[in-house]
Structures are given as structure tokens and as C-alpha cells.
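# Observations on the model geometry
Next come the chains, spelled out residue by residue.
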Amino acid sequence: METACRSLSIAASGLNALEAQFAERDFSATFLRLIGVIMNVRGRVIVTGIGKSGIVARKMTATLTSTGTPAIFLHPADAGHGDLGMVTPDDVVLMLSHSGESTELGPIIQYCKRFAIPLLGMTARDNSTVASAVDICMMMPDVPEACSNTLAPTTSTTVQMAFGDALAIALMEMRGFSADDFHKFHPNGRLGAQLLKVRELMAKGDDVPSVQEGASLLDATIEMTRARLGGTAVVDQNGRLIGAFTDGDLRRAVTGKQNLTEAVGRFMTPTPLAVAPDELVHEALHLMHERNIMLLFVCDKGALVGAVHMHDLLNAGVA
């Protein structure tokens, strides 16, 4: 337990040191230069590194790619055996190396110099080969590793990973990368389902139960039975949503021995909760849980355009 807590404390110290770097004028100015180069590149960000830095580079590549910055990982061991061909003059190379002395990076450095490809670096050694070779170098804090012999890459890779996330999110916000864009890159799984819009799951047209405010309880009951959504919208003559009538409302009306010819407007819930068609479905799900309802109507500028049921969200994998 003591060892585990000590490791976490050292990792936290490393992250604090990285955050402190951003408060320094030289570091922040270098970061802005780095952002500027990546924002203006016509091609992709080629991320590379060996060993544990290579694993971080793979993760950084995935995060950049999924947040709007085209990126690809280049393994240094394969670079000199033909994979350098993936690097074009329109690209920029981002090189990760804690020590800055990984010999496997040599061919990549030489290639970038030969063909004038922008070379960016991340290292903790300011007098290293990588620091000297790159066009822009982000100096990572030289933090102690968490292991007892201070050799196994632990804190240093945590710092690299955190910097990669900070870089990706900064680029994402500068590009105005939206939830819609994110959904395009994450169509599968629960995350993709949560990023769906209500219009993609809602019932439309004749599948949306609705009656006029002057309709009878019997008319509303027939309409609910037809649509099988557990309720019906009540609309005015212009098709604007003015109320909702559900199975619960019907039971209460029947319990009160009301005449089924009476107007549904007397028993409906006025101004019911509704969402817009471009609302994210996870927001609709939150509203349903909050209000303890199963059916939510969808309106566009007040006009009824759809209905979404809790079962639709469950079937889509949102909940």
C-alpha cells in the first residue's frame, strides 16, 4: 500500500511539474509555436517513438486522430525498411524520446532533414540528440521515476501522456471540433449511441401519436393503442404541442368514472416536457430519468415533429 501510494504521489508531482512548465514564458511560447505548425500542416502529424515512448506515441496518435487532427504512428524500427515512404513533404513529424538518445530515431531525423520535413520533439534532455535535431522542442520536466531504482519509465511516460492529451484537446478546441464531428469518428459502441441526435431515433410522421385538443378520451385512447408508445400528444389546430395524455392519465380518468366522450384537454398534462430534434439522445435520456417519464415528444419551434420512447434509447444502447 505504501509503495502504491508513493507511486501515485510521484506521478502527481510529475503532472504538477508539467503544469508549472506551462506557466513559464519560454515553454508556453514554444507550445504556441508547436500548435501553430500542426494547425497549418496540410498533411498529417506523424508521431514516432521507441519503447515506452513509442507506446505513448501510439496513444497520442489515436487521441489526435479521434479529435480532428489527422495523425499516424511510425515505428522507428520499420522506418528504415520502407515505412519512411509514408512521410510526405506535407506532413510534420512529432518525435517522443525521454532521453533524446534513442538510436532507432536516427534514420527518421536524417530523412526529415534531407527532405525539409518539419520535425518536432518531446524530450527531457536539453542537450540530447533529439533536442538538437528538431525544429521545435518541447522540454518535458525531468521527473524521478516511481520505481525504487528510478529506471523503469513510469512518471516520465505519465507526463508524456498528459502532454499529448493537452496538445490534442488544445488543437480540438482551436479547430472548433464539435460533438457532431466526434460522432462521425465514433459511430459504434455506447459512446457512439450517446452522440446520436434525437431525430435519428424518434418516431416520425404517422408513427407519432397525436390528437386535437377537442378530441374525446375515447379518441385519445384509440390513438395511444394504435401507436403503442404509452401516450399521445395533444396539439392545437396549427400542430403545436399543447399537452400530453398518457396511460397514467387514462387510468386516473377511468378511476374517476369520467365519461369517455369528454374532451381529452381536461385530463392532459399541459405544456409537457419536449426536446428539439437536434438534441443529443443522452440529454433526452437524462430528462426522462429526471422526470421519471417513458415518453418524450420532439418539437421544432413548438410544432410537434416526433416522439421518442425510453425503449428506443435502450434498444440503441444509450442507457
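Everything below is about the structure shown above.
### Some points on the overall build of the chain
- Of the regular secondary structure elements, the chain holds 13 helices and twelve strands.
- Its C-alpha radius of gyration of 29 Å places the chain more than 25% over the 20 Å reference for a compact globule of 319 residues.
- Here the C-alpha coordinates of the chain stretch approximately 90 × 50 × 35 Å along the principal axes.
- Per-residue burial for the chain yields a buried fraction of 44% across its 319 residues.
- A sequence separation of at least 24 residues applies to 63% of the contacts in the chain between residues at least 6 apart.
- Counting only carbon and sulfur atoms, one obtains 53% of the accessible surface of the chain, whose full area is about 16400 Å².

### Focus on unusual backbone geometry
- The backbone phi angle of Arg228 is positive, close to 60 degrees, even though this residue is not glycine.
- Mapping Arg228 onto the fold places it in the loop between α10 (217-227) and β7 (231-235).
- If you check the backbone angles, Thr271 has positive phi at about 40 degrees while not being a glycine.
- Secondary-structure assignment places Thr271 in the loop between β9 (269-270) and β10 (274-275).

### Some words on helix α2 (residues 25-40)
- In this model, α2 (16 residues) spans 23 Å end to end at C-alpha, consistent with the 22 Å of a helix rising 1.5 Å per residue.
- When we look at burial in α2, the residues that qualify are Phe27, Thr30, Phe31, Leu34, Ile35 and Ile38. On an axial view of α2, the arc spanned by its buried residues comes to 140 degrees, and they lie on one face. Counted as exposed and oriented over 90 degrees from the buried face of α2: Arg25, Asp26, Leu32 and Asn40.
- In this fold, the buried residues of α2 make contact with α1 (2-22), β1 (45-49), β4 (119-123), β5 (136-139) and α7 (155-174).

### Examining the packing of aromatic side chains
- Scanning all chains against the criterion turns up six aromatic pairs.
- Note on Phe27 and Phe163: the rings are 6.5 Å apart at their centroids and 80 degrees apart in plane angle, and the pair reads as edge-to-face. With Phe27 in helix α2 and Phe163 in helix α7, the pair connects residues that are 136 residues apart, well separated along the chain.
- Between Phe31 and Phe163 the ring centres are 5.8 Å apart and the planes differ by 80 degrees, which places this aromatic pair in the edge-to-face class. Taken together, the positions of Phe31 in helix α2 and Phe163 in helix α7 put the pair 132 residues apart, joining distant regions of the chain. The residues Phe31 and Phe163 share a single accessibility class, namely buried.

What counts and what doesn't
- Residues numbered from 1 in each chain as written.
- Predicted model: local features only at pLDDT ≥ 70, side-chain atom pairs only at ≥ 80, totals over all residues.
- Heavy atoms only, no water.
- Helix = DSSP H or I, 4+ residues; strand = E, 2+ residues; numbered from the N terminus.
- Rg over C-alpha atoms; globule rule 2.2 N^0.38 Å.
- Buried < 20%, exposed > 50% of the residue type's maximum accessible area, 1.4 Å probe, protein only.
- Contact = heavy atoms within 4.5 Å.
- Areas by Shrake-Rupley, 256 points an atom, 1.4 Å probe, with all protein chains shown as cover.
- Expected span 1.5 Å × (residues − 1).
- Arc of directions from axis to C-beta.
- Phe/Tyr/Trp six-rings, centres within 6.5 Å; stacked < 30°, edge-to-face > 60°.

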